[in-house]
Amino acid sequence: MIPWYTPANFKKWIRRALSPRPFLLALLVAGLAVTEVRFDWLERMAGSYLATTNRHRPQHGTIWEQGRQTDMARQSLAQFANQRQNVQREVRQAGSLGEVVANIAADTGVMLSADHFVDLYLKLPPVLSHEIMSPFTLLAYLSAGQWQRTFLERQGGQLSIYFLDAQNQVLHRLNVGALLLGHIERGEVAIQTGLDQLLDFAAHIYPADRFFQVLNTFSEEVQRRIISHPQDLLRVTGRIRRIAISSGAYGDAVDLGFEVEGLDGPRVILMQGVREDVRRFQQALEGGAVAGPRWSGEGRP
């Protein structure tokens, strides 16, 4: 059955096709197509609609995932850059090599000038600085004039030190082991506790008066090898009550702990001495009788 709206013959079909309505419709479609190509109004409308509904749509799909990864990468890079800047600023203000090492995170590094590294090297107790590098070797690199900066990097439990020239070429590399690194990090620092709470010192604690009385029977050269910076102890606020000698040692270094009684409770000042001299002094300290002082107030014998 032929639908009622189908033209009955070819003449009527032609008349309907050539009527004004199809022409107007064709012109309208052509106009819309031309304006879309020229002004992209359809894309703009679709984009505006998607933008207004964007926050209501679920954040799934490849585009969202790529966007999240990009944002996370930007945030990580910004945090890493800020951390490096903060670490580098703290390192430039560090007053000891132990403070520098404490600011180096695992598998990262910090840069120092050659002069700054030398300053930190000179602040170490001699027994520790000699373990890192001979001062004569350091003088040789300084006098050559090529050493410009120093890069310090933690790898596992060790510390690598690189001497670099102006083009960041490695002139020399030092490796500091874990035990020596532990001594450097402690350095000559104060710990807010008593000697009894430190396992390394608990077995060998001596009254301060006896310690210094026996120490005074040795020559000043030996005394300096036992306590490298006695002036620092004179600057301490509070009274030194007890001194302890560590049971262990690293290389030629032995820790000494000086317990100071202050208003805020006891604290222990750590120093390092030369092992051979400290052990010989310890034998005299535990030997009983104490010889008289080797000098009096009237002058040295």
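For the structure, see preceding data.
Below is a short write-up of the structure. (Residues numbered from 1 in each chain as written. Predicted model: local features only at pLDDT ≥ 70, side-chain atom pairs only at ≥ 80, totals over all residues. Heavy atoms only, no water.)

### Thoughts on the nonpolar core
Here comes step 1: Core analysis: the largest hydrophobic core is formed by 27 residues, its most contacted members being Leu97, Ile132, Leu152 and Ile161.
Here comes step 2: Secondary structure elements with two or more residues in this core: helix H5 (97-102), strand E1 (109-113), helix H6 (114-123), helix H7 (126-132), strand E3 (158-164), strand E4 (170-176) and helix H9 (178-186).
Here comes step 3: For this core, the element with the highest residue contribution is H6, accounting for five residues.
Here comes step 4: Excluding residues within four positions of it along the chain, leucine 97 makes contact with Leu120, Leu124, Ile132, Leu152 and Ile184.
Here comes step 5: Counting residues in each nonpolar core, the second largest holds 23 residues, with Val214, Ile243, Leu256 and Leu285 among its members. (Core = buried A, V, L, I, M, F, W, Y, C linked by side-chain atoms within 4.5 Å. Buried < 20%, exposed > 50% of the residue type's maximum accessible area, 1.4 Å probe, protein only. Helix = DSSP H or I, 4+ residues; strand = E, 2+ residues; numbered from the N terminus. Contact = heavy atoms within 4.5 Å.)

### Side note on the sheet that holds E3
Here comes step 1: Taken in spatial order, the four strands of this open sheet run E1-E2-E3-E4, and their pairing is antiparallel. Looking along the sheet, the strands with just one partner apiece sit at the ends: E1 and E4. Neighbour-to-neighbour, the strand axes of the sheet open up by a mean angle of 20°, direction not taken into account.
Here comes step 2: Relative to strand E2 (residues 149-155), E1 is paired through five bridges, and the arrangement is antiparallel. Residue pairing across strands places glycine 109 opposite glutamate 153, the latter belonging to E2. (Pairing = 2+ DSSP bridges. Axes fitted to C-alpha atoms, helices over the stretch in contact; angles between N-to-C directions.)

### Let's talk about the packing of H6 against helix H8 (residues 135-144)
Pairs of packed helices are described in terms of their axes, by the angle between the two and the distance that separates them.
Here comes step 1: Interhelical geometry of H6 versus H8 gives an angle of 165° and a closest axis separation of 12 Å. Looking at the two axes, H6 sits roughly antiparallel to H8. Considering how the two elements wind past one another, H6 and H8 form a crossing that is left-handed. On H8, the residues touching Phe117, Val118 and Tyr121 of H6 are Pro135, Leu138 and Leu142.
Here comes step 2: Of the residues contributing to the contact of H6 with H8, the split by class is six nonpolar, no polar and no charged. (Parallel < 35°, antiparallel > 145°, perpendicular 65-115°, else oblique. Left-handed = near helix turned anticlockwise from the far one by under 90°. Nonpolar A, V, L, I, M, F, W, Y, C, P; charged D, E, K, R; others polar.)

### Comments concerning the pattern of salt bridges
Here comes step 1: Taken as a whole and assessed by the stated rule, the structure comprises six salt bridges.
Here comes step 2: Where arginine 235 meets aspartate 232, a salt bridge forms, and the shortest distance between an N and an O atom there is 2.8 Å.
Here comes step 3: Where arginine 280 meets aspartate 277, a salt bridge forms, and the shortest distance between an N and an O atom there is 3.4 Å. Of the two residues, arginine 280 and aspartate 277 both sit in helix H13 (residues 275-285), three residues apart, roughly one turn of that helix.
Here comes step 4: Among the residues examined, arginine 280 registers a relative accessible area of 39% and is labelled partly exposed.
Here comes step 5: Residues joined by salt bridges that share partners form a network here, namely Glu221, Arg225, Asp277 and Arg280. (Salt bridge = Lys/Arg side-chain N within 4 Å of Asp/Glu carboxyl O.)

### Some words on the pairing of strand E9 (residues 265-274)
Here comes step 1: Among the 10 residues of E9, eight are classified as buried, and the element is accordingly described as predominantly covered.
Here comes step 2: A loop of two residues connects strand E8 (residues 253-262) with E9, the two strands running antiparallel in sequence.

### With respect to the packing of helix H10 (residues 208-215) against H13
Here comes step 1: At a closest axis distance of 10 Å, the pairing of H10 and H13 adopts a crossing angle of 115°. Note that H10 runs across H13; the crossing there is right-handed. Note on element contacts: H13 touches H10 through Phe281, Ala284 and Leu285, opposite Arg210, Phe211, Val214 and Leu215.
Here comes step 2: Of the residues in the contact of H10 with H13, the class split is six nonpolar, no polar and one charged.

### Here we look at the packing of aromatic side chains
Here comes step 1: What the rule picks out here adds up to nine aromatic pairs.
Here comes step 2: Seen from their ring centres, phenylalanine 117 and tryptophan 147 are 6.0 Å apart, and the 70° between their planes marks the pair as edge-to-face. In this pair, phenylalanine 117 is assigned in helix H6 and tryptophan 147 in the loop between H8 and E2, connecting sequence segments 30 residues apart. Each of the two residues, phenylalanine 117 as well as tryptophan 147, counts as buried.
Here comes step 3: Here the aromatic residues Phe211, Phe212, Phe218, Phe258 and Phe281 are joined through ring pairs into a cluster of three or more. (Phe/Tyr/Trp six-rings, centres within 6.5 Å; stacked < 30°, edge-to-face > 60°.)

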